[in-house]
Amino acid sequence: MQEGLKRALRTPEVLFIGMNGVIGGGIFLLPGQVSALAGHQAPWSYLIAGLVAIMIGLSFAEASSMFNETGGSYMYAERAMGRTIAASVGWMSWLTLIVGWAALSNGLMGYVTSLVPSLAPAKDWIAAGVIAALCLLNSLGVRKGSWAVIFFSIVKLIPLALLVIVGLFIYAHHTPAVSALSHSAPQISKAVLVLIYAYGGFEMATVQQGEMVHPRKSAVIGVIGTLVGVTLFYLLIQEAAVRLDPSLATSATPLADAGRNMFLGGATVMTIGAVLSILGTKSGVALTAPRILYALSLRRGLPGILAKISPRFQTPIVSIWVTGVIVIILSVTGTFEHLLMLNVAARLYEYLAVCVSVIVLRFRAKNELRSFRLPFGVAIPAIAAGLCIWLLSQETAGQLSLALAALAIGMVLYGISRRTQAKSSGHERDQQPTRNAG
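Right, let's walk through the structure included here. (Residues numbered from 1 in each chain as written. Predicted model: local features only at pLDDT ≥ 70, side-chain atom pairs only at ≥ 80, totals over all residues. Heavy atoms only, no water.)

Side note on the overall build of the protein chain
Filter applied, for reference: What counts as a helix is a DSSP run of H or I of at least four residues, what counts as a strand is a run of E of at least two, and both are numbered from the N terminus. Partly exposed describes any residue whose relative accessible area lies between the buried limit of under 20% and the exposed limit of over 50%, with all areas from a 1.4 Å probe on protein chains only and scaled to the type maximum. Whether two residues touch is decided by their heavy atoms; if any such pair falls within 4.5 Å, the residues are in contact. In short, Shrake-Rupley with a 1.4 Å probe defines the accessible areas, and a residue's cover is counted only from the protein chains shown.
Helix and strand counts for the protein chain stand at 17 helices and zero strands. Out of the 438 residues belonging to the protein chain, those deemed buried represent 56%. Put simply, 83% of the contacts in the protein chain that link residues at least 6 apart link residues at least 24 apart. Here the protein chain has roughly 17900 Å² of accessible surface; of this, 68% comes from carbon and sulfur atoms.

Here it is, written out as structure tokens:
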């Protein structure tokens, strides 16, 4: 099927998309929760989560090196396991992004209202306005959307780098207080599960392959470069924050509280940094999520109207605005905590599917050209798949039930769409005039 999207994204832009997707609201909103779960072992939680993410990311890198089309994990699963499973993966991938977008909108407004309390009564209107503005920007062209991502990727690093410098060098001789709590293995695993949210987002570097100038090379560099760099950066941030604020585990806004100990006005600097960081991640999701909906529609997994392209700007205009409206609804009716748990389960399902796809394609398409091929046969994707299953097992029955319900809704929509389009195609064939044999 012919895609109508413009190839305009180059490798540095793809790398920024990946980094912007990972370094976002998670690192501003979750360090306190991780410290509460893991205490002085919190850096190990980050390292373990980073290694898990890198293992999964390597599977994404090999899969992406085989494709030039839009869709990311949906495309990989379709090639390996067929349309129906691919539709479930695409649906959960899109769900991961829109739930994350809505959750970040709640987190964003928490920071904004802490800066300007008088805005609290209008927080839902402001959140909806920001979402609509990002949809408008991305409707005007993929380059405009990517420029926003690059801008926010750069400005969000400034306060975080400042925190690392002050925490690790000015507070170099400060020894963080060791928590008196006993942190068992289940608590460490829970911390790792929570941190998957903070490491997730690297897959955004693979979704827009249909709009990349060099899709196979750019996606691989985007995924691997993002995860290696971010793992190191996260470890530095956690250590610096604990040095600045030993009571991090009890804070609702941990990095803002750590910033308060940097210098006068430091809390405000970190809060503004959080706002910019979350805005940056939201801009990346606004660029990525509609492309998944577009890919599903283009391959008849959802109603064809969602694949409609703007003739002028060559963007998936309908998918952009449908996604935006749904995010607005989720944002004003949900809470960050509940949405976060659904986000993790949906994301792990997507990751598991990609790891399995890499294994299947090693046998089904073993001679096909790959610009990046993992060593040791299928060992790395197999280990990554096992890690995904382990992390899913840490979810509660209620959280898994919620994810299964969301998956069931997606499959019902897929079935209705396939049946409707099949009837439509049959009707069109019936209306075509038959030719006389003579």
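Quick notes on helix H5 (residues 73–81)
Of all the nine residues making up H5, seven are buried; the element is thus mostly covered by neighbouring parts of the structure. At the C-terminal side of H5, Gly 82 shows a positive phi close to 95°.

Focus on a nonpolar patch on the surface
Spelled out, the test is: Patches here are clusters of residues that have more than 30% relative accessible area and form no salt bridge, with a 9 Å joining cutoff for like charges and a 5 Å cutoff for nonpolar side chains (Val, Leu, Ile, Met, Phe, Trp, Tyr). Any carboxyl oxygen of Asp or Glu that lies within 4 Å of a side-chain nitrogen of Lys or Arg is treated as forming a salt bridge with it.
A surface patch of nonpolar side chains, amounting to about 210 Å² of accessible area, comprises Leu 115, Val 116 and Ile 272. Tracing the backbone shows Val 116 in the loop between helix H6 (83–115) and helix H7 (123–139). Val 116 sits in the partly exposed class, given a relative accessible area of 36%.

Things to note about the nonpolar core
Condition: Definition of nonpolar core: a set of buried residues of the types Ala, Val, Leu, Ile, Met, Phe, Trp, Tyr and Cys, connected through side-chain atoms within 4.5 Å.
With 123 residues, the main nonpolar core has Ile 56, Leu 160, Leu 163, Tyr 234 and Ile 237 as its most contacted residues. Here this core takes 17 residues from H6, the largest share from any one element. Discounting residues that sit within four places of it in the chain, Ile 56 has contacts with Phe 202, Tyr 351, Cys 355, Ala 384 and Cys 388. Membership of the second largest hydrophobic core comes to five residues, among which are Leu 5, Tyr 294, Leu 298 and Ile 309.

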